[in-house]
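Remarks on the overall topology
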Amino acid sequence: MTIDFNKSPDGLVPVIVQDDRTLQVLMLGYMNEEAFKKTQQEKVVTFFSRSKNRLWTKGEKSGNFLAVKSIALDCDRDTVLIKAVPENVVCHTGSFSCFGDKDNKGFLYELEEKISRRIDEKADGSYTYSLFQRGINKMAQKVGEEAVELVIEAKDNNDDLFRNEAADLLYHYLILLKAKGMQMADVEAELLKRTH
């Protein structure tokens, strides 16, 4: 991965940081070659701060680090895209991202990760883990029950009940996917194949 740091007279390239789970854009910063190498080595986002005129690891004071999951370059090799998992809020104002509050559009991936973690860690007192322990038949049955309840609510005019049943179905579906060793990304890939 070769970045062209020479395109800018100050040797800095813009870096877009995106939430790896939800794909929400979190912030924009700048890196010089040293900051980029440190980020690659430590797997934590480090910028070159133009105001402080030094390397600056995001979260060095607040503890709100950005754990690097992947790094990509644009076609001109002068802009970096980093997908990361934020430790907490990203913006110094207290907002989730520098572009505003947490976006719910990618939340299902965050929920999928939380479900997976509860199962992998065998979380005591967790409904998710207790359902998982009951086996594939019980998980599949629960998805079926929630689907039927959603169909029943679809025939009525209560949007709140319909929305709640839709959420229940999605939640239990994610548990079943985990039990089958799959993720939403696998299902998305299948749907994408069907659009061609």
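The structure this text deals with has already been given above.
Residues numbered from 1 in each chain as written. Predicted model: local features only at pLDDT ≥ 70, side-chain atom pairs only at ≥ 80, totals over all residues. Heavy atoms only, no water.

Let us now look at the packing of helix α2 (residues 107–120) against helix α5 (residues 159–179). Running from amino to carboxyl end, α2 crosses α5 at an angle of 55 degrees, the nearest separation of the two axes being 10 Å. The pairing of α2 with α5 is recorded here as oblique in orientation. Between α2 and α5 the crossing geometry is right-handed. For the pair α2 and α5, contact is made by Leu-108, Leu-111, Glu-112, Ile-115, Ser-116, Ile-119 and Asp-120 and by Leu-170, Tyr-171, Leu-174, Ile-175 and Lys-178, respectively. Classifying every residue of the contact of α2 with α5 by side-chain character gives eight nonpolar, one polar and three charged. (Axes fitted to C-alpha atoms, helices over the stretch in contact; angles between N-to-C directions. Helix = DSSP H or I, 4+ residues; strand = E, 2+ residues; numbered from the N terminus. Parallel < 35°, antiparallel > 145°, perpendicular 65-115°, else oblique. Left-handed = near helix turned anticlockwise from the far one by under 90°. Contact = heavy atoms within 4.5 Å. Nonpolar A, V, L, I, M, F, W, Y, C, P; charged D, E, K, R; others polar.)

Tracing the backbone through its elements, the reader meets Asp-19 in strand β1 (residues 13–19). Of the residues examined, Asp-19 reaches a relative accessible area of 0% and is grouped as buried. Here Arg-21 takes part through its backbone nitrogen, which lies 2.8 Å from a polar atom of the side chain of Asp-19. Once you skip the residues sitting within four places of it in the chain, Asp-19 turns out to touch Gln-24, Leu-26, Ala-84, Pro-86 and Phe-96. (Buried < 20%, exposed > 50% of the residue type's maximum accessible area, 1.4 Å probe, protein only. Polar contact = N/O pair within 3.5 Å; in protein donor to acceptor, adjacent residues only side chain to side chain.)

What follows covers a nonpolar patch on the surface. Taken together, the side chains of Ile-16, Val-25, Leu-28 and Phe-99 present a nonpolar region at the surface, about 350 Å² in accessible area. Note that Val-25 resides in strand β2 (residues 25–31). Residue Val-25 is classed as partly exposed on the basis of its relative accessible area, which comes to 35%. (Patch = residues over 30% accessible without salt bridge, like charges linked within 9 Å, V, L, I, M, F, W, Y side chains within 5 Å. Areas by Shrake-Rupley, 256 points an atom, 1.4 Å probe, with all protein chains shown as cover. Salt bridge = Lys/Arg side-chain N within 4 Å of Asp/Glu carboxyl O.)

The strands making up a sheet are joined through hydrogen bonds of the backbone, oriented either antiparallel or parallel. Strands sit in the order β2-β1-β6-β5 across an open sheet of four strands; the sheet is mixed. In the strand order of this sheet, the two ends are held by β2 and β5 (66–73), each with one partner. Taking the axes of each pair of neighbouring strands and ignoring which way they run, one obtains an average angle of 25 degrees across the sheet. One ladder, built from five bridges, connects β1 with strand β6 (residues 80–86); its direction is parallel. Within β6, the position partnered with Gln-18 by the bridge is Lys-83. (Pairing = 2+ DSSP bridges.)

Turning next to the nonpolar core. In terms of nonpolar packing, the biggest core is built from 21 residues, with Val-17, Met-31, Val-45, Phe-47, Leu-66, Val-80 and Ile-82 touching the most fellow members. Among the elements of the structure, β1, β2, α1 (33–42), β5 and β6 are those that each provide at least two residues to this core. In this structure, Leu-66 is in contact with Val-17, Leu-26, Met-27, Lys-43, Val-44, Val-45, Lys-58, Ala-84, Val-85, Pro-86 and Val-90, ignoring residues within four places of it in sequence. (Core = buried A, V, L, I, M, F, W, Y, C linked by side-chain atoms within 4.5 Å.)

Here the focus is the packing of aromatic side chains. Under the criterion given, the structure shown has one aromatic pair. Considering the side-chain rings of Phe-47 and Trp-56, the 5.6 Å spacing of their centres and the 25 degrees angle between planes classify their relative orientation as stacked. Sitting over the face of the ring of Phe-96, Lys-102 holds its NZ or CZ atom 4.8 Å from the ring centroid. (Phe/Tyr/Trp six-rings, centres within 6.5 Å; stacked < 30°, edge-to-face > 60°. Lys NZ or Arg CZ within 6 Å of the ring centre and 35° of its normal.)

What the largest pocket holds in volume is close to 490 Å³. As for the largest pocket, its lining consists of 23 residues, and the residues nearest its centre are Met-27, Lys-52, Trp-56, Lys-58 and His-92. Taken together, the elements giving at least two residues each to the lining of the largest pocket come down to β2, β3 (46–49) and β4 (54–57). In terms of residue count, β2 provides more of the lining of the largest pocket than any other element does, four residues in total. Along the lines of polarity and charge, the residues of the lining of the largest pocket split into ten nonpolar, seven polar and six charged. Only α2 and α5 provide two or more residues apiece to the lining of the second largest pocket. For the lining of the second largest pocket, the element with the most residues is α2, which contributes five residues. (1 Å grid on protein atoms, 1.4 Å probe; cavity = no way out; pocket = protein on both sides within 12 Å on 5 of 7 lines; lining within 4 Å. Points joined across faces, edges and corners; volume = space filled by probe spheres on them.)

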